[in-house]
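# Architecture and fold: a report
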Amino acid sequence: VTTWHYHRATEPATVHTVTMVLMNPVISKLTGKLVVLASASPRRLEILTNVGLRFEVVPSWFKETLDKRLFKTPHEYAVETAKQKALEVAKRMPFKHLKTPDIVIGADTVVTVDGLILEKPVDKQDAYRMLSRLSGKEHSVFTGVAIILCHEKEVIDFYEETKVKFADLSDDLLWEYINSGEPMDKAGGYGIQALGGMLVEYVHGDFLNVVGFPLNQFCKKLGLIFSPPGSLTHNSAQTSPQGSPVDTVPPAEPAASSPPGSPTHNGPPDSQGQNIPSASTAHVSTHVNALKYNVRENETEDGKEKLSKMIELMDGFKASKVLFTASKLHVFDVLRSSKTGELQAEDVAQEIKASMKGTERLLEACVSLGLLQRTGKGILSQFLTLHFLLSDGPLSLQGYIQHCNELVWPLFTHLETAVREGTNQHEKAFGKSSDNLFQDAYYSRHEVKLRFMKAMHSIAKVSGRDVATAFDLSKYKTACDLGGCTGAMAYEFAKAHPGLSVTMFDLPEVIEMSGHFRPHDADDRVSFVAGDFFKDELPKADVYILARILHDWSDEKVHILLSKIAKACNPGCCVLVSEIFLDEDRKGPSRGLLQALSMTEGRQRSASEYSLLLKSHGFTTAQVKHTHNLLDAILCVAE
Ligand SMILES: Cc1cn([C@@H]2O[C@H](COP(=O)(O)OP(=O)(O)OP(=O)(O)O)[C@@H](O)[C@H]2O)c(=O)[nH]c1=O
């Protein structure tokens, strides 16, 4: 066990330290607490020492092996790594060192360029590859920081970005620099604080962040945590870009959502018989223990921003219903069909057969929400949203909007009961229970079935291209879209991959109606096969597509389906799962988490959870793609 104690005696002068402490009341708040820096970086030690912080150094044993592909952004990767480094030390200390720290600080610095994350070079050649990539370009340095409050079981995390531009560097200069030995223990292969400073043309942002620790933001965060009530001096620190400044985490649970390769944190209890918090089981608290409520808080910019967020949330349901109603009454179609694309409120009222007063209010609300535009002469459709709002057209979301209005809205009116009982509220909302969601709720009556299919069709149309082009599938000849509904996704795959024939497989009653949705120029490489993917034999294919399927089912049912696919697959064949991927810490996206509230037996999962489910059936994750569209995608190959 390596523990380095930092001794005050090594400081140059006591007077100097006292001045520091006085200058920084935040740092002095930590006096008397056992603060641990979970880092072997001499630069972090120096930065924190220089401001008078007293701490112990216990380098983390956490290996930086998280799968980078599972993170949407480099800073999420850096923050998660910092969190894992700090958690490892927080868990180990009570056992190996027989003391529980008050605070553990972890950090991780990465350099990003050309969409790549660069960490410490493994050898000289690697350093050369990194530095020559950085030559003549601007790059970003992200440091993720995690502060663990061990007794409160809270993790505060944040990151800082600094932009650095390198001059054009000759090979001779690069090799001379590499041979100095400086690059080897530094992210991106350089040290801006030493010889590496000579490579730099400019720095935008916090210099110390590049060196390895964003001191300024760190102090602001400490201010947020330790300021006494009534003092606003430190409460103005910016909120973590990760979300709320402090997230409360409960005692550790099995790390179901940990990315592959990350350790689980359901370790043994600490000396007080409590578990150290685990970052992988994110539980959100709206109440921040460490921040006492301050009545004048809403006078600050931050307070005002939070108030407007609250107002937005309180009114959110009204805004949704305005969109649903305007869409159902065909307001957008009516505006489009007018010769000028512009109408007076009374013309709209007449066309949609509604009262003048009601129509006027609806149109005004639509203008305020950015759905319509008011001109000198009347009301106009917003060009940018129009193609989503019309009832026809390639990118129409009308089907999904109406599904939200007719099915999801009634379910959400029973949310309280759904939360209390943990069950779906179909019976309360629609007067009948649904044991089999698809047979009983979605595909029961003709019009309900059509509405559900229109909803799935619009999602597939809007997201299909991004999903179909997410991965290179050129080596595959056949694909099977399981539960492909109207075939919209299958047609997108056929369009994106000229060498691919796609079988659309769905229940007979769905296939029967899919003709309504067939495009005029239907590609004959798409064929339709009827069957139940839980009961019937699956068509043979090189690629199995599961778009918006798995979230509807429990892990148990998912395993049944995946084992059938695994049996049908030859080595090298693959499964492409397309869903909303939850962030690894389950803090977002809210679109996915809100959808989960009206789910029946299914659940929303992160990319690594899908990856683990597939791994247990012999599929290795090849790539993950966050599309920034309605659905993300993961490609897993049979071993
Ligand atoms: C860009 C840059 C980086 N660094 C050092 O690069 C390491 C990053 O690696 P890490 O994984 O974040 O930390 P580590 O050194 O492995 O320590 P640990 O916290 O124990 O993981 C840290 O040292 C930083 O100072 C510099 O010293 N100067 C610079 O200009």
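None of these values were measured; they are calculated from a predicted model. (Residues numbered from 1 in each chain as written. Predicted model: local features only at pLDDT ≥ 70, side-chain atom pairs only at ≥ 80, totals over all residues. Heavy atoms only, no water.)

### Examining the overall build of the protein chain
Scanning the protein chain for helices and strands turns up 23 helices and 19 strands. In the protein chain, which comprises 639 residues, the proportion classed as buried is 52%. Of the contacts formed within the protein chain by residues at least 6 apart in sequence, a portion of 69% connects residues at least 24 apart. Carbon and sulfur atoms provide 55% of the accessible area of the protein chain, an area that totals close to 29,500 Å². (Helix = DSSP H or I, 4+ residues; strand = E, 2+ residues; numbered from the N terminus. Buried < 20%, exposed > 50% of the residue type's maximum accessible area, 1.4 Å probe, protein only. Contact = heavy atoms within 4.5 Å. Areas by Shrake-Rupley, 256 points an atom, 1.4 Å probe, with all protein chains shown as cover.)

### Notes on the pattern of salt bridges
Taken as a whole and assessed by the stated rule, the structure comprises 29 salt bridges. For Lys163, the salt bridge is made with Glu161, and the minimal N-O distance between the two is 3.2 Å. Because the salt bridges share partners, they merge into one network encompassing Glu80, Lys83, Asp157, Asp585 and Lys587. (Salt bridge = Lys/Arg side-chain N within 4 Å of Asp/Glu carboxyl O.)

### Quick look at a nonpolar patch on the surface
Taken together, the side chains of Leu307, Met310, Ile311, Leu313 and Met314 make up a nonpolar region of the molecular surface, amounting to roughly 500 Å² of accessible area. Looking at where Leu313 falls in the secondary structure, it is placed in helix α9 (residues 301-328). According to the relative accessible area criterion, Leu313 is exposed, its value standing at 58%. (Patch = residues over 30% accessible without salt bridge, like charges linked within 9 Å, V, L, I, M, F, W, Y side chains within 5 Å.)

### Focus on the nonpolar core
Within the largest apolar cluster, 48 residues are counted, with the highest numbers of intra-cluster contacts made by Ile105, Leu131, Ile147, Phe166, Tyr190 and Phe218. With sequence-adjacent residues up to four places away left out, Tyr190 is seen in contact with Val111, Leu131, Leu134, His139, Val141, Val164, Phe166, Tyr177, Pro183, Leu199 and Val210. Formed by 40 residues, the second largest nonpolar core is a distinct cluster that contains Phe71, Val79, Ile549 and Ala638. (Core = buried A, V, L, I, M, F, W, Y, C linked by side-chain atoms within 4.5 Å.)

### As for the site of the ligand
In the neighbourhood of the ligand, 21 residues make up the surrounding shell, with Ser39, Arg44, Lys85, Lys120 and Val211 lying closest. Contact distances for the ligand include 2.7 Å between an oxygen atom and a backbone N or O atom of Ala40. Within the side chain of Gln193, one N or O atom sits 2.8 Å away from an oxygen atom of the ligand. Looking at the shell around the ligand, the elements with two or more residues in it are α3 (42-50), β4 (103-113) and α7 (207-211). It is β4 that contributes the most residues to the shell around the ligand, 3 residues altogether. Residues that form the shell around the ligand fall into these classes: 7 nonpolar, 6 polar and 8 charged. (Near = heavy atom within 4 Å. Polar contact = N/O pair within 3.5 Å; in protein donor to acceptor, adjacent residues only side chain to side chain. Nonpolar A, V, L, I, M, F, W, Y, C, P; charged D, E, K, R; others polar.)

### Here we look at the sheet that holds strand β10 (residues 342-343)
Read across the open sheet, the 3 strands follow the order β10-β12-β11; overall the sheet is antiparallel. Since the sheet does not close on itself, it has two edges, and those belong to β10 and β11 (372-374), each with one partner. The pairing of β10 with strand β12 (residues 379-381) spans 2 bridges and is antiparallel. Bridge pairing in β12 places Leu343 opposite Ile379. In the packing of helix α12 (residues 356-368) onto the sheet, contacts are made with β11 and β12, and the angle to β11 comes to roughly 100°. (Pairing = 2+ DSSP bridges. Axes fitted to C-alpha atoms, helices over the stretch in contact; angles between N-to-C directions.)

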